Amino acid sequence: MSSKYLIYTCCFHQEIYTEILSYLVNSFKKTNCDVDFLIYTTGEYKALFETKCPNSGVKYFEKNFYKSMNQARISKLDIFDYPEIDHYEKIIYIDADSIFVKDPVQMFNAIQEDMIYVVGEGNILHEAEYWGRSLFLKENAQYSDREGISSCIMGFKNIPTIKKMFIKTKQAFYLDMYQNKLKFYDQPFLNFYFIHNNLCDPTTFKQFVKSRVSAEVALKEGLTVVHFAGCPGHGNVKLELLKEFHDQLASKNVSKEQTIFRLQQQMDDLRKQMESLQ
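What counts, and at which threshold
- All residue numbers here refer to positions counted from 1 along the written sequence of the relevant chain.
- Restriction of local features to residues with pLDDT of at least 70 applies here, the model being predicted, together with a cutoff of 80 or more for giving and counting side-chain atom pairs; totals for whole chains, interfaces and linings are based on all residues.
- To get the side-chain values, take all heavy atoms of the structure and skip hydrogens and water.
- Think of it this way: any DSSP run of H or I at least four residues long counts as a helix, any run of E at least two long counts as a strand, and we number them from the N terminus.
- Under the scheme applied here, a residue whose accessible area is under 20% of the maximum for its type counts as buried, over 50% as exposed, and between as partly exposed, the area being computed with a 1.4 Å probe on protein chains only.
- Two residues qualify as a contact provided that any one of their heavy atoms is within 4.5 Å of a heavy atom in the partner residue.
- We get accessible surface area from the Shrake-Rupley algorithm with a probe of 1.4 Å; when it comes to residues, only the shown protein chains can shield them.
- Each pair of strands is called paired provided DSSP finds at least two bridges between the two strands.
- All axes are obtained by fitting lines to C-alpha atoms, using only the stretch in contact for helices, and the reported angles, taken between N-to-C directions, cover 0 to 180 degrees.

**Quick word on the overall build of the protein**
Looking only at helices and strands, the protein features nine helices and 10 strands. Per-residue burial over the protein gives 50% buried out of 278 residues. Sequence-distant contacts, at least 24 apart, represent 74% of the contacts inside the protein between residues at least 6 apart. Per element, the accessible surface of the protein, about 14200 Å² overall, is 49% carbon and sulfur.

The following block contains the structure:
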């Protein structure tokens, strides 16, 4: 079903990510959300994914020359190259190593400003460089520290301002990739360009998304998405985490359904007793 909203993810570089992706897509299907879902991948990985998740109903955007980890990591910024992108008003990117817990429509509703909605984490001047320390200090040696961002999920309107920022960030990324040795792939660049240009909201999506929490916590807090952060490229580790969470969630949902069924039975019995007294 076509909609004015689009969710997309990327799958390149490692074959195991086609299996990881099946957990994401199946969890999305279980929410019964009617938003369009797009997979950006190669023709080879598309075929592999379809054997693992037949009749998924997703859309595809293919590019067959993305092979390296660097290319895979920055591919999320290619979305405006998608031929059908003008059909959509609001867009959400999600990392493949994630699971939907409930319908993401409220996340789209939360996208109101002309910003990139991300999840705040860490600090930009952290010595680990993950949040772009050297890029910020190169811009200004006295740059004030502040919260960094995770790009595991990005929500935004389909507007020229966002498109231009994605292009600018990709250009800087590829220039550094060819001239220097990248640290932490795309993450420092997304932090620097989104934050320095005052184009991101790191707060709003925190109510919807958390990383590596249990199924019990996800249900209790009403989360929409759980992301399984970790070292990029370690697919086997992520797959085990996804399997564990999936099984926990299935168990919790079964218990919830059983509780609802018992309550319905109790209500029916009570109704019958009340009727017999009349």
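**Concerning the side chain of Thr224**
Mapped onto the secondary structure, Thr224 falls in the loop between helix H8 (215–220) and strand E10 (225–227). Those residues in contact with Thr224, other than ones at most four positions away along the chain, are Ile99, Phe100, Val101, Lys102, Asp103, Pro104, Met107 and Phe208.

**Description of the sheet that holds strand E5 (residues 98–100)**
Pairing is mixed across the open sheet formed by three strands, whose spatial order is E5-E10-E9. The sheet terminates laterally at E5 and strand E9 (209–211), the two strands that pair on one side only. Mean inter-strand twist for the sheet, computed between neighbouring axes without regard to direction, equals 20 degrees. One ladder, built from three bridges, connects E9 with E10; its direction is parallel. Each residue of the ladder has a partner; that of Val209, found in E10, is Val225.

**Observations concerning the side chain of Asp97**
Locating Asp97 in the fold gives a position in the loop between strand E4 (90–94) and E5. Taking relative accessible area as the criterion, Asp97 reaches 6% and is therefore assigned buried. Not counting residues within four places of it along the chain, the set of residues in contact with Asp97 comprises Ile20, His227, Phe228, Lys238 and Leu242.

**Digging into the sheet that holds strand E3 (residues 59–62)**
A sheet is described by the order of its strands in space; here seven strands give the open sequence E3-E2-E1-E4-E7-E6-E8, paired in mixed fashion. Edge positions in the open sheet fall to E3 and strand E8 (200–201), since each of these has one partner strand only. Relative to E3, strand E2 (residues 36–41) runs parallel, the two sharing four bridges. When the bridges of E3 are listed, Tyr40 appears paired with Phe61. Of the strands in this sheet, strand E1 (5–11), E2 and E4 are in contact with helix H1 (residues 16–30), which crosses E1 at around 160 degrees.

**Thoughts on the pairing of strand E7 (residues 147–157)**
The element E7 is extensively covered by neighbouring structure, given that 10 of its 11 residues are classed as buried. Note: E4 against E7, five bridges, orientation antiparallel. When the bridges of E7 are listed, Ile94 appears paired with Ile153. Two strands pair when backbone bridges link them, and strand E6 (residues 116–123) and E7 are joined in this way by five bridges, in the antiparallel orientation. When the bridges of E7 are listed, Asn123 appears paired with Glu147.

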